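Structural overview for review
The lines below spell out each chain.
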Amino acid sequence: MLNIFIFCVLLLAVLFDLINPSFIARGYPGYNHLIHTVSELGTRESPVMNKERLNLADIGILFCLFAVGEACLFRDNTVFHILYSIGILVFGIGSVISGIYPEDPEDSEKTVSGKIHGISSGLGFMLLGLNPLWHYG
């Protein structure tokens, strides 16, 4: 039963991460998915700032839940399994922090909020990107 719950949490997280920005972007005139980053939807100047920031926090919480659940399901908790779970957990935490601290708008002076956003999202993506290497150790 835990397997099904964990799978549903992952499915929700992935759907929120892939589909919601497409719907949220409809309220941002001139936004182009091919040119702009998703973080731009959450900048202080964005008309959809609150929706995107909430979406990032939701995604992060779901990925954190998935990471903990996945770690509980591993039968052999080797170093690679732990690193795999940590990679997903850090991505989730980075997403929550990115939702709390908005990115700076383009061509504006860098703020503490923008720096925190960049560091947290960058670390999260880096560790998530390493997960395929850790999972199969």
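For the structure itself, consult the block above.
So, here is what we can say about the structure in this document. From a predicted model like this one, the values you see are computed outputs, not experimental measurements.

1. Section: the layout of surface pockets
When its volume is computed, the largest pocket comes out at roughly 270 Å³. As for the largest pocket, its lining consists of 16 residues, of which Val38, Ser39, Leu56, Ser121 and Phe125 are closest to the centre. At the level of elements, helix H3 (49-73), helix H4 (79-100) and helix H5 (112-136) are the ones that each hand at least two residues to the lining of the largest pocket. With five residues, H5 is the single largest residue contributor to the lining of the largest pocket. For the lining of the largest pocket, the class distribution of residues is six nonpolar, nine polar and one charged.

2. A look at the nonpolar core
Within the largest apolar cluster, 12 residues are counted, these being Ile6, Val9, Ala13, Ile59, Leu62, Phe63, Phe66, Ala67, Phe74, Tyr84, Ile88 and Phe91. Taken together, the elements giving at least two residues each to this core come down to helix H1 (2-18), H3 and H4. Per element, the largest residue contribution to this core is five residues, and it comes from H3. If you look at the next biggest cluster of nonpolar residues, it comprises six residues, including Ile24, Tyr28, Leu41 and Val48.

3. What to know about the environment of Ile61
Looking at the element boundaries, Ile61 is found in helix H3. Separated by 31 residues in sequence, Ile61 and Gly92 place their C-alpha atoms 6.2 Å apart.

4. Some points on the packing of H1 against H3
Relative orientation of the contacting elements H1 and H3 amounts to 150°, with a least axis distance of 9 Å. Compared by their axis directions, H1 and H3 come out roughly antiparallel. Classified by chirality, the crossing of H3 by H1 is left-handed. Across the interface between the two elements, Leu2, Asn3, Ile6, Val9, Leu10, Leu12, Ala13, Val14, Phe16 and Asp17 of H1 pack against Asn55, Asp58, Ile59, Leu62, Phe63, Leu65, Phe66, Gly69, Glu70 and Leu73 of H3.

Conventions adopted
- Residues numbered from 1 in each chain as written.
- Predicted model: local features only at pLDDT ≥ 70, side-chain atom pairs only at ≥ 80, totals over all residues.
- Heavy atoms only, no water.
- 1 Å grid on protein atoms, 1.4 Å probe; cavity = no way out; pocket = protein on both sides within 12 Å on 5 of 7 lines; lining within 4 Å.
- Points joined across faces, edges and corners; volume = space filled by probe spheres on them.
- Helix = DSSP H or I, 4+ residues; strand = E, 2+ residues; numbered from the N terminus.
- Nonpolar A, V, L, I, M, F, W, Y, C, P; charged D, E, K, R; others polar.
- Core = buried A, V, L, I, M, F, W, Y, C linked by side-chain atoms within 4.5 Å.
- Buried < 20%, exposed > 50% of the residue type's maximum accessible area, 1.4 Å probe, protein only.
- Axes fitted to C-alpha atoms, helices over the stretch in contact; angles between N-to-C directions.
- Parallel < 35°, antiparallel > 145°, perpendicular 65-115°, else oblique.
- Left-handed = near helix turned anticlockwise from the far one by under 90°.
- Contact = heavy atoms within 4.5 Å.

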